[in-house]
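Now for the letters of each chain:
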Amino acid sequence: MKLGVWVLALATLAAVGKSQAQGIEASAMPAITVSKVTSNIAEGTPWITLGEGPICFPSATYRWNGGGAGKLNVRGFEKPIRDELHKENIRIANDPDSPFPEEIASNLLVGAKITSIKANFCVPMPIIMVGNASIGVEWQIYDTRERKVIFTLQTNAESKTGPEGGHGYLSTIISAMDENVRALTASPGFKAMLARQELVGDKPDELKSAQVENTKIALIGSLTAKPAKISDAVGAVVLVESGGGHGSGVLVSSDGYVLTDQHVVGAEKFVKIRWSDGLEGLGEVVRSDRRRDVALIKTDARGRLPLALRAQPPEPGATVFAIGAPEDPKLQSTVTRGVVSAANRIVDGFSFIQSDVTVNPGNSGGPLLDEDGKVLGLTDWKLQTRDNATGLNFFTPIGDALAFLSLEPR
């Protein structure tokens, strides 16, 4: 069994606080999801020595990934890691022990590669164990919005056990990992990274300067929007034509802001908008984020009302509807029905709603709705298989679209 890259994900937040050293409240700290552990320790490397000393018994050497004590249950690290991070005032996202494990999405990945591990134990008496364990960890933090590693750190930490209150061999090893976590969270570089997150927050790089100056764009009328019948919701879904292709979009404010996918508008500054009743108009692309594949268009709403937004994730099995223009602009306002397959499917570090509702090219940017006509997400992509099987479709959660474009419902 291998020990190695240990993925943690820092959640997308509406506001990211300062580091603990700067004296902020724990509730403002970024949240972390503990995923898994691996390593680059060569198989067969000696890593546990028993009985080293004149009065120790028994005597044995265990090799990495070998039998008996040579094997380590890596999954067993996850809960102690979550516990230690929690002690360091970092909130834990996707905690399986939480009644709401998927309430926080993730956007930063923190990896830990176990580069070295060594343990020496002596059992001078049947009920006493003394010794120590040391672990070296190479940390990396990867920002999925920038698509690059933004922070690296090597830590080396040790834990000891003895007759005055010692641990078993496994708990001593876990304690050494805990010390590495403390070294990470105490490092100036880690704290500087958190401070940077306070500035950037949940916003992509392209929007930094504009958002620092302008903060957010208000979506007037979105908070007061009422539930709608699916047949009425069609009136708030538009056809978006750009660069010889087409997609869909959804009205999210009474003053004409429309959400869609970035790959629908491409590099265009202006696009053509067509409403369900056939009326056409011009739309200006005012913000977009290529990495999260979301864009904001400003157009004339012509008195139309926006759809209500639902940031709360749906339950698996819940009925949902997609509206768009699949394949051909003539098929605008097509409604399909399905169920939620997964409420928080992580792909390349981003959260998606997965559903079997039928969508095709041209649906992109159109809304995924619950039974009350509230917008859950935007149609983004589908997984193609050799036999072109359908049913594996993925939608950007509406909360992510608002965060990455710096939009504020009002």
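In this text, all values refer to a predicted model and were calculated from it rather than measured experimentally.

Asker: If you had to explain unusual backbone geometry to someone new, which residues and values would you point to?
Answerer: With a phi angle near 55 degrees, Arg-302 is a residue other than glycine that sits in the positive phi range. Relative to the assigned elements, Arg-302 resides in the loop between strand E16 (294-298) and strand E17 (319-324). Residue classification places Arg-302 among the partly exposed residues on the basis of a relative accessible area of 41%. At Ser-406, a residue that is not glycine, the phi angle is positive and equals roughly 55 degrees. Mapped onto the secondary structure, Ser-406 falls in the loop between helix H7 (398-404) and strand E23 (407-409).

Asker: For the packing of aromatic side chains, give the residues involved together with the corresponding values.
Answerer: Here a ring pair, both rings aromatic, is described through the centre-centre distance and the interplanar angle of the planes. Summed over the entire model, instances satisfying the criterion amount to five aromatic pairs. Considering the side-chain rings of Trp-47 and Trp-64, the 5.0 Å spacing of their centres and the 75 degrees angle between planes classify their relative orientation as edge-to-face. Note that Trp-47 is positioned in strand E4 (residues 46-50) and Trp-64 in the loop between strand E5 (60-63) and helix H1 (78-87), a separation of 17 residues in sequence. The residues Trp-47 and Trp-64 share a single accessibility class, namely buried. Between Phe-352 and Phe-394, the ring centres sit 6.4 Å apart and the planes meet at 85 degrees, which makes this aromatic pair edge-to-face. Of this pair, Phe-352 sits in strand E19 (residues 350-355) while Phe-394 sits in strand E22 (residues 393-397), placing them 42 residues apart in sequence. Taken together, the ring pairs in this structure connect Phe-352, Trp-381 and Phe-394 into an aromatic cluster.

Asker: Give a description of the environment of Gly-281 that names residues and reports values.
Answerer: Here Gly-281 shows up in strand E15 (residues 280-289). Along the backbone, Gly-281 and Ala-301 are 20 residues apart, and their C-alpha atoms lie at a distance of 9.4 Å. Those residues in contact with Gly-281, other than ones at most four positions away along the chain, are Val-271, Lys-272, Ile-273 and Arg-302.

Asker: Talk me through the nonpolar core; I want residue IDs and the actual numbers.
Answerer: In this structure, Val-240, Leu-259, Ile-297, Leu-307 and Leu-407 are the most contacted members of the largest nonpolar core, which totals 43 residues. Apart from residues no more than four positions distant in its own chain, Leu-259 is found in contact with Gly-249, Val-250, Val-252, Ala-295, Leu-296, Gly-365, Leu-378, Ile-398, Ala-401, Leu-402, Leu-405 and Leu-407. In this structure, Ile-41, Ile-92, Ala-119 and Ala-133 belong to the second largest nonpolar core, which totals 32 residues.

Asker: An account of the sheet that holds E19 is needed here, citing residue identities and associated values.
Answerer: Backbone-to-backbone hydrogen bonds join strands into a sheet, with any given pair of strands oriented parallel or antiparallel. Spatial strand order, E17-E18-E19-E22-E21-E20: six strands in a closed barrel with antiparallel pairing. For this sheet, the mean inter-axis angle between neighbouring strands, taken without regard to orientation, is 45 degrees. As judged from the five bridges shared by strand E21 (residues 375-382) and E22, these two strands associate in the antiparallel manner. Each bridged residue has a counterpart across the sheet, and for Leu-378 the counterpart in E22 is Thr-396.

Asker: Describe the side chain of Ser-175, and please don't skip the residues or the numbers.
Answerer: Structurally, the position occupied by Ser-175 is in helix H2 (residues 169-186). Taking the relative accessible area as the measure of exposure, Ser-175 reaches 18% and is therefore buried. A polar contact of 2.9 Å, which involves the side chain of Ser-175, links it to the side chain of Ser-159.

Rules used in this analysis
- Residues numbered from 1 in each chain as written.
- Predicted model: local features only at pLDDT ≥ 70, side-chain atom pairs only at ≥ 80, totals over all residues.
- Heavy atoms only, no water.
- Helix = DSSP H or I, 4+ residues; strand = E, 2+ residues; numbered from the N terminus.
- Buried < 20%, exposed > 50% of the residue type's maximum accessible area, 1.4 Å probe, protein only.
- Phe/Tyr/Trp six-rings, centres within 6.5 Å; stacked < 30°, edge-to-face > 60°.
- Contact = heavy atoms within 4.5 Å.
- Core = buried A, V, L, I, M, F, W, Y, C linked by side-chain atoms within 4.5 Å.
- Pairing = 2+ DSSP bridges.
- Axes fitted to C-alpha atoms, helices over the stretch in contact; angles between N-to-C directions.
- Polar contact = N/O pair within 3.5 Å; in protein donor to acceptor, adjacent residues only side chain to side chain.

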